[in-house]
Structure formats: C-alpha cells, structure tokens
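Here are the chains, one letter per residue:
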Amino acid sequence: MCLLSFSCGGRHDCIADDSEIQLKYASLLKISEGNGYTHVTVKNPWDTTKILHSYVLVPDSLPLQECYPEGTLIRTPVKRALVFSSVHSSLLDEFGAIDAVAGVCDTKYMHNTELSSKLKEGKIADCGGSMSPDMEKIIALSPDALFLSPYQDPAPYAKLTELGIPTVECADYMETNPLGRAEWILFYAALVNKTDYGKEIFAKVEKEYTRLKKIASNVKERPLILTELKQGDTWFLPAQSSTTAIFIKDAGGKLPDIVDGEGGSIPFTPEKVLMSASDADFWIIKYYSDKDITYKWIGDESSLYRNFKPFNERMIFACNTSDKLFYEEVPFHPHWLLADMISVFHPELGVKPYSGKDYFSNPSEQ
C-alpha cells in the first residue's frame, strides 16, 4: 500500500528522461522507456484531451528509485492478475504467462483450453460476472493487478477501485483501427516482462495484415455487405469509422449507402435496411448460441429476412462465437479475420483462411 500511495500521489518535481516508443496505429496509448522503468499513458477514449490512467512499470529485479514520472506503480512481471475478459487472458497465455492469471470473471465466455483446465483444477479462481464481481473472492485472492475494460460510466467498478489494487485500464477495445488495437500487445507484454516477444508478435500481425489488405485493394468490384440481424424493431449497422467497417473495406467490400458517421454502430429501422441493402451480395452474422443457426431458422425468425438477396442466394456467412474463438483471437490477430473475410468476399483472389481461423461459414438448410 505504501508503494501505491507513493505512485498515485505522483512527484511533480521529478524530471522524466523518457524515450518515447513510436506507435504506428494506436491512438489511445503512449509508451516511453525510462532509466529502469516503462512509462505508459492511456488517453480517455471519451475525451482524448484527458488522461484516463498512467503507469510506471518497474521490474521487480530492480530496486525502487526515489523519483518516477507520475502514475500508478506496478512491479513487473505481474504475478497474480484478476482478468475480466477472455481476450486478455488468452493473450497472457500466448505470452506464456498463463500462470500470471490468478482469477477471471465471466467464465462462460472463456474458451481457452489451458485456462479452462486450470479453472476446473481450482488453480484459477472464478470471481463471478464482470459487471457484479464477487468482492469477497477478490479480496481473498489478493491480486496484484486488475485487468478490466473501462466504461464511460465508472459506477460498475467503483467498489473495485476502493480496494487499492492497481487497475490496468484495457481500453484497447475503443481503438477503431484493427492494427491500433493489436498494437496494445506492446503494453500487455511489458506487464509480464515479455516486451521483446510482444514486439515480435505485433510485427508479424502488422506484416500479414498489410499484405492481405494490399491484395484486396486491387479488386475491380467491391461486393455490398450486410451485417448482423435486427434486434426487435432496430437494426444496427456499422458506422463508416467503426472497426467492422474497416475490416469490410480492407477485405474488398463496401457498406450500404445509408451508413455514415462516427461511432461503433448506427440504428436503423429494418424497413430502411431492406430498402438500402436488399440486393447485398453477402450477409455476415455473429451470434452466440448452443446451436448453429440454419437458413430455416433465419427465415422463420423474421419473414423480412426472406426479402434479402443473400438469403435467397444462400450467401449468408455466420460465426457462432460460442465455439469459434472470435472475441479471444481477433482483437490481437486481426489478420486472421481479414484473411477469412477476403476468402468469402473474393474467392477469386485465392486467399485462404489461416488453419483453424475460418470464423464464418455458410449455414446449413435445416
């Protein structure tokens, strides 16, 4: 607690001699290397003129100095983390640091084999749901860091902040550029002393994504892509600046003309979507279910769906996220999804999905 108080209070008379690492894509992250520490700054995604959180990462093999930049002090490598999302626990496993995961939330969404095994063996604690975690278990767990995704309204995590445990604000999901989110690998790698390995992973991701994007950029015709299913009387389509829209464009597709603006998604009436996208070439859907959807189910779910060309021409491609590791893998390996999308939209290009990374498939009839 003394260390936390020291770091959170800050030392404004300290002069930081940091060397900034030039990030290419991440807009919310800044990483600098100092003498015996790494300084990380996370911008507030909802007001980028402000700082959401700053960190000073100091290897536990080094003695503490008298002066650091302002920020929460975290000794690395993190050894007992409570991780709130499957994507970050899977990434730690990829770093070879699964033993650093002491507890998780939302276990029903955790599909990582190693993680599931350790949960069953009781080596990793189940701390309940991410929006209402079990505070008693967390206190008993005594983690040295909390990995959680911040929200504009901090109320759901108010009690957690009172515990005095360093909170790693995993705001990577607010990056719209697929490579921007993937570049956060460098931050998470530094937390478990895997900086060089993190750089190696990201370099491969960047190289492959760029190569695939270039292949798809030369297509003569861009198919019209419809996305998702309606929710009641509303159908959400991705905004032009959204991550989904960028994936579709980079894969050689285009969105309906009604789609515009900033943000993640835009609400429309189903009738409006029908008017603008009834002649879509492909329809991609993500869903979570213990049963795979079929064309019969889609047609029975709403008669409106039967008016779309992709339904009648059997050009729907769906991803059941209950058995496909879409949310665990894609954020930090966007090239896997890009290859799969290109293989669907432009089979003539000869791009094949990476082994086991064919997220979307054509539903069966019945």
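Refer to the preceding data block for the structure.
Colleague: Give me the overall build of the protein chain: which residues, what numbers.
Modeller: Check the secondary structure of the protein chain and you find 14 helices and 17 strands. In terms of overall dimensions, the protein chain is globule-like: its C-alpha atoms have a radius of gyration of 22 Å, near the 21 Å expected for 366 residues. Taken over the C-alpha atoms alone, the protein chain extends approximately 70 × 40 × 35 Å along its principal axes. Looking at the 366 residues of the protein chain, the share that counts as buried comes to 50%. Looking at the protein chain alone, contacts between residues at least 24 apart form 58% of all its contacts between residues at least 6 apart. Within the structure as shown, the protein chain displays about 17600 Å² of accessible surface, and the carbon and sulfur contribution to it stands at 50%.

Colleague: Would you mind going over the pattern of salt bridges in detail, with residue names and values included?
Modeller: Should their charged atoms come close, side chains of opposite charge can pair. The final tally for this structure, using the stated rule, is 17 salt bridges. Residue E228 is joined to K286 by a salt bridge in which the shortest nitrogen-to-oxygen separation is 2.7 Å. Of this pair, E228 sits in the loop between β13 (225-227) and β14 (235-238) while K286 sits in strand β16 (residues 282-287); the two residues are 58 residues apart in sequence, bridging distant segments of the chain. The partly exposed category is assigned to K286, whose relative accessible area is 23%.

Colleague: Give a detailed account of the sheet that holds strand β12 (residues 167-169), specifying residues and quantitative values.
Modeller: With parallel pairing, five strands are arranged side by side in an open sheet as β8-β7-β6-β11-β12. Where the open sheet ends on each side, the last strands, each with one partner, are β8 (125-126) and β12. Both strand β7 (residues 101-104) and β8 contribute to a ladder of two bridges, which runs parallel. In the sheet register, G103 faces β8, and the bridge partner there is A125.

Colleague: Any details on the side chain of H333? Residues and values, ideally.
Modeller: Structurally, H333 can be placed in the loop between α13 (326-329) and α14 (334-345). Judged by relative accessible area, H333 falls into the buried class, the value being 7%. A polar contact is formed between the side chain of H333 and the side chain of E94, at a distance of 2.9 Å. Look past the residues within four positions of H333 in its chain and what remains in contact with it is E94, I201 and V205.

Colleague: Residue-level account of the sheet that holds β16, with values.
Modeller: Spatial strand order, β13-β16-β17: three strands in an open sheet with parallel pairing. Of all the strands in the sheet, the pair left with one neighbour each is β13 and β17 (316-320). Within the sheet, the average angular offset between the axes of one strand and its neighbour, ignoring direction, is 20°. Two elements, β13 and β16, share three bridges in a ladder whose sense is parallel. Within β16, the position partnered with L226 by the bridge is W283. Here α14 sits on the sheet and contacts β13, β16 and β17; the angle it forms with β16, its principal contact strand, is near 145°.

Colleague: Go over unusual backbone geometry with me, naming the residues and quoting the values.
Modeller: Excluding glycine, a negative phi dihedral is what most residues carry, and trans is how most peptide bonds are arranged. Across the junction of T76 and P77, the peptide omega takes the value 0°, indicating a cis bond. Here P77 lies in the loop between β5 (72-76) and β6 (81-83). The residue S142 is not glycine, and still its phi comes out positive at about 50°. Assignment of secondary structure puts S142 in the loop between α4 (135-141) and β11 (145-148).

Colleague: Before we move on, could you go through the packing of aromatic side chains and cite the residues and values that matter?
Modeller: Summed over all chains, the structure comprises 22 aromatic pairs. Ring centres 5.4 Å apart and planes at 70° place the aromatic pair W283 and Y305 in the edge-to-face group. Here Y305 lies in the loop between α11 (295-301) and α12 (309-312) and W283 lies in strand β16, a separation of 22 residues in the sequence. Residue W283 shares its accessibility class with Y305, and that shared class is buried. Put simply, the rings of Y55, F147, W184, F187, Y188 and F332 pair up and form one aromatic cluster. Over the ring of Y295 we find R314, and its NZ or CZ is 4.3 Å from the ring centre.

Colleague: Tell me what's going on with the nonpolar core, and back it up with residues and numbers.
Modeller: Core analysis: the largest hydrophobic core is formed by 96 residues, its most contacted members being F95, F147, W184, F187, Y188 and W283. By residue number, the principal contributor to this core is α14, which donates eight residues.

Colleague: If you had to explain the packing of helix α9 (residues 243-250) against α14 to someone new, which residues and values would you point to?
Modeller: Following both chains from N to C, one finds α9 and α14 inclined at 55°, their axes separated by 9 Å at the closest point. Between α9 and α14, the interaxial angle falls into the category oblique. Every pair of crossing elements has a handedness; the one defined by α9 and α14 is right-handed. Every residue of α14 that contacts α9 at F247, I248 and D250 is listed here: P334, L337, L338, M341 and F345. Partitioning the contact of α9 with α14 into residue classes produces seven nonpolar, no polar and one charged.

Cut-offs used in this document
Residues numbered from 1 in each chain as written. Predicted model: local features only at pLDDT ≥ 70, side-chain atom pairs only at ≥ 80, totals over all residues. Heavy atoms only, no water. Helix = DSSP H or I, 4+ residues; strand = E, 2+ residues; numbered from the N terminus. Rg over C-alpha atoms; globule rule 2.2 N^0.38 Å. Buried < 20%, exposed > 50% of the residue type's maximum accessible area, 1.4 Å probe, protein only. Contact = heavy atoms within 4.5 Å. Areas by Shrake-Rupley, 256 points an atom, 1.4 Å probe, with all protein chains shown as cover. Salt bridge = Lys/Arg side-chain N within 4 Å of Asp/Glu carboxyl O. Pairing = 2+ DSSP bridges. Polar contact = N/O pair within 3.5 Å; in protein donor to acceptor, adjacent residues only side chain to side chain. Axes fitted to C-alpha atoms, helices over the stretch in contact; angles between N-to-C directions. Phe/Tyr/Trp six-rings, centres within 6.5 Å; stacked < 30°, edge-to-face > 60°. Lys NZ or Arg CZ within 6 Å of the ring centre and 35° of its normal. Core = buried A, V, L, I, M, F, W, Y, C linked by side-chain atoms within 4.5 Å. Parallel < 35°, antiparallel > 145°, perpendicular 65-115°, else oblique. Left-handed = near helix turned anticlockwise from the far one by under 90°. Nonpolar A, V, L, I, M, F, W, Y, C, P; charged D, E, K, R; others polar.

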